[in-house]
Amino acid sequence: MERTVYQQLYAWKNKDNRKPLILNGARQVGKTWLLKEFGKHEYDNVAYINCDETVEMKQAFADFDTERLVRVFSVLSGTEIKPEKTLIILDEIQEIPLGLTSLKYFCENAGEYHIAVAGSLLGIGLHEGTGFPVGKVDEINLHPLSFEEFLLAMGEKIIVQQMKESRWNELSGLSHRFIELLRQYYYVGGMPAVVASYVKDKNLFAVREMQNQILSDYRRDFSKHVPADILPKVNLVWDSIPAQLAKENKKFVYSAIKKGGRAKEFENAIQWLSDAGLIHKVMRVSKVERPLKFYEDYDAFKLFVLDLGLLGAMVQVSAKDVLVNNKAFTEYKGAFTEQFVLQEIAGLDMNAYYYSKENSLLELDFIIQKDEIYPIEVKAEENLRSKSLRTIYETNNSLKPCRFSMAAYKEQDWMKNIPLYLVKAWLSTIS
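Residues numbered from 1 in each chain as written. Predicted model: local features only at pLDDT ≥ 70, side-chain atom pairs only at ≥ 80, totals over all residues. Heavy atoms only, no water.

Caption draft 1: Structural detail: the sheet that holds strand E2 (residues 45–50). The parallel open sheet is built from five strands, whose spatial order is E2-E3-E4-E1-E5. The open sheet is flanked by E2 and strand E5 (138–141), the only strands paired with a single partner. On average, adjacent strands in this sheet sit at an angle of 20° to one another, irrespective of strand direction. As paired elements, E2 and strand E3 (residues 86–91) share six bridges and run parallel to each other. The residue of E3 that forms the bridge with Ala 47 is Ile 88. Contacts between helix H3 (residues 66–77) and the sheet are confined to E2, E3 and strand E4 (114–118), with E2 contributing the most and set at about 85° to the helix. (Pairing = 2+ DSSP bridges. Helix = DSSP H or I, 4+ residues; strand = E, 2+ residues; numbered from the N terminus. Axes fitted to C-alpha atoms, helices over the stretch in contact; angles between N-to-C directions. Contact = heavy atoms within 4.5 Å.)

Caption draft 2: Structural view of unusual backbone geometry. Residue Pro 291 is bonded to the preceding Arg 290 through a cis peptide linkage, with omega at -15°. Positive phi is not limited to glycine here, since Glu 84 has a value of about 70°. When you line up the elements, Glu 84 lands in the loop between H3 and E3. Unusually for a residue other than glycine, Gln 316 sits at a positive phi of about 60°. Turning to its location among the elements, Gln 316 is positioned in the loop between helix H14 (308–315) and helix H15 (319–323). In this structure Gln 316 comes out as exposed when scored by relative accessible area, which is 67%. (Buried < 20%, exposed > 50% of the residue type's maximum accessible area, 1.4 Å probe, protein only.)

Caption draft 3: Structural context of the sheet that holds strand E13 (residues 416–419). With mixed pairing, eight strands are arranged side by side in an open sheet as E7-E6-E8-E9-E10-E11-E13-E12. Both outer strands of the open sheet, strand E7 (296–305) and strand E12 (410–411), are each paired with one neighbouring strand and no more. Bridging between strand E9 (residues 363–369) and strand E10 (residues 373–378) involves four bridges; their strand directions are antiparallel. Among the inter-strand pairings, Phe 366 is bridged to a residue of E10, identified as Ile 376. Across the sheet, helix H12 (residues 231–245) is in contact with strand E6 (279–285) and E7; its angle to E7 comes to roughly 95°.

Caption draft 4: Region of the structure containing the environment of Met 314. Here Met 314 lies in helix H14. Taking the C-alpha atoms as reference points, Met 314 and Glu 180, separated by 134 residues in sequence, lie 23 Å from one another.

Caption draft 5: Highlighting the environment of Glu 296. Inspection of the secondary structure assignment puts Glu 296 in strand E7. Residue classification places Glu 296 among the buried positions, given a relative accessible area of 14%. Distance in space between the C-alpha atoms of Glu 296 and Ser 286 is 6.6 Å, their sequence separation being ten residues. When residues no more than four places from it in sequence are discounted, the contact partners of Glu 296 are Met 283, Arg 284, Val 285 and Tyr 353. Side-chain polar atoms of Glu 296 contact the side chain of Lys 293, separated by 3.1 Å. A distance of 3.1 Å separates polar atoms of two side chains, one belonging to Glu 296 and the other to Tyr 353. (Polar contact = N/O pair within 3.5 Å; in protein donor to acceptor, adjacent residues only side chain to side chain.)

Caption draft 6: Broad picture of the pairing of E6. Here E6 lies mainly inside the structure; six of its seven residues are buried. In this sheet, E7 lies alongside E6 in antiparallel orientation, the contact comprising seven bridges. Paired with His 280 across the strands is Phe 304, a residue of E7. Two strands pair when backbone bridges link them, and E6 and strand E8 (residues 352–356) are joined in this way by three bridges, in the parallel orientation. Bridging from a neighbouring strand, Met 283 pairs with Tyr 353 of E8.

Caption draft 7: Local environment of the nonpolar core. If you look at the biggest cluster of nonpolar residues, it comprises 125 residues, and the most contacted ones within it are Phe 147, Trp 238, Phe 340, Phe 366 and Phe 404. Looking at this core, the element that brings in the most residues is helix H9 (residues 175–188), giving eight residues. Counting residues in hydrophobic clusters, the runner-up holds 24 residues, among them Leu 90, Ile 93, Ile 96 and Val 137. (Core = buried A, V, L, I, M, F, W, Y, C linked by side-chain atoms within 4.5 Å.)

Caption draft 8: Structural view of empty space enclosed by the protein. If you walk through the whole model with that rule in mind, you get one cavity of 30 Å³ or more. Empty space within the largest cavity amounts to approximately 40 Å³. If you trace the largest cavity, you find it lined by Trp 12, Arg 18, Lys 19, Pro 20, Phe 106, Cys 107, Ala 110, Gly 111, Tyr 113, His 114 and Ile 115. Going through the elements one at a time, helix H4 (97–109) and E4 are the ones with two or more residues in the lining of the largest cavity. (1 Å grid on protein atoms, 1.4 Å probe; cavity = no way out; pocket = protein on both sides within 12 Å on 5 of 7 lines; lining within 4 Å. Points joined across faces, edges and corners; volume = space filled by probe spheres on them.)

Caption draft 9: Fine view of the environment of Glu 92. When you line up the elements, Glu 92 lands in the loop between E3 and H4. With 290 residues separating them in the primary sequence, Glu 92 and Glu 382 have C-alpha atoms 45 Å apart. Discounting residues that sit within four places of it in the chain, Glu 92 has contacts with Asn 50, Cys 51, Asp 52, Ala 118 and Gly 119. Within the local environment of Glu 92, its side chain forms a polar contact with the side chain of Gln 94, the two groups lying 2.5 Å apart.

Caption draft 10: Inspection of the pairing of strand E1 (residues 21–24) at higher detail. The alternating pattern of E1 places Leu 21 and Leu 23 and Ile 22 and Asn 24 on opposite faces, both of which are buried. As defined by bridge partners, E1 adjoins E4 across three bridges and the pair is classed as parallel. In the strand pairing of E4, Leu 21 is matched with Ala 116. In terms of strand pairing, E1 meets E5 through four bridges, oriented parallel. From the neighbouring strand, Leu 21 faces E5, where its bridge partner is Asp 138.

What follows is the structure, encoded as structure tokens:
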């Protein structure tokens, strides 16, 4: 399975000022597998230790003598550790907070050792501020598979190569093939184990079973990691997200969680889910101007889950609705399509906002800022009406409006239409 973040790992290995690496990501997005694959192909050997399963690791960090720690890692992994030649992987690092702290000393005193740690954000994020090695580590984010990575897993390497060549008009001729694959991605999503199962067997029932198991595992993780006083609130927020996305106005509403719900009651639960990498929080901005960060409205936001396939499992959408009846595109108030677009944006580590105007129907689904500001409208079908985009552009024609829809690529004098299946490929040209 090809992951595009592999190139970031390769760059980390070869940079002069390399620091110990934290591979960030939610549970079950493939962190362990990726680090092992990277070590197997780019190093002489790999010293792998699971901190949760190796009891001796609990006592290993009595002090931060890096020479002693390397000897301990060598014994526990059964691997000779050679500077520059061995990749040391400490998995489930969240189980040992002092293990995270030790990375500071590897950065300062033992830079010749290549050490990478992986662990659930459910734990790593909770240790920030308690010995977290701020400024002493490199960090790379791993997300569920993007549509492009899903295509690679499906053996569509030629299509992906053509996408990277940015021949947008030519690719429109392959729209039927792309749309068929996009339907499958809407159902399967990007969780690596689910994708691997689907590629192997094409069994849609097994796909849903695995998605449900992941959701059950997350629920158990809540019970393990969430403080008891906010656990019920985390469950309520998590369960409410699909219904919030199915509204015409997708702004998160606390009273939709429970009658009389208020921000003060639920904000810590939302923050916990965000820190765990299980949700994406998209803030509203009050102006579509640079820098967008200046205009954040902390009282208004949308919440999305980490994976499109898991969203489908949460609402029990049927394979027939996605793959045959087209309902994932045409119904549910565009929830699946907005989730898809947000996931593609997040997979590039871009920050997304949205805009709405008080006492008006004017709303922009997303806004991203790179060298320019790109207001975005998302259309689940081929609907090419973009009243909000036009209105915003007329107030500031330095903006670069774009519409993501099922229609073919089209450049107009004031905006671009990007087919949904080319969202990441196009975004990569501006990132």
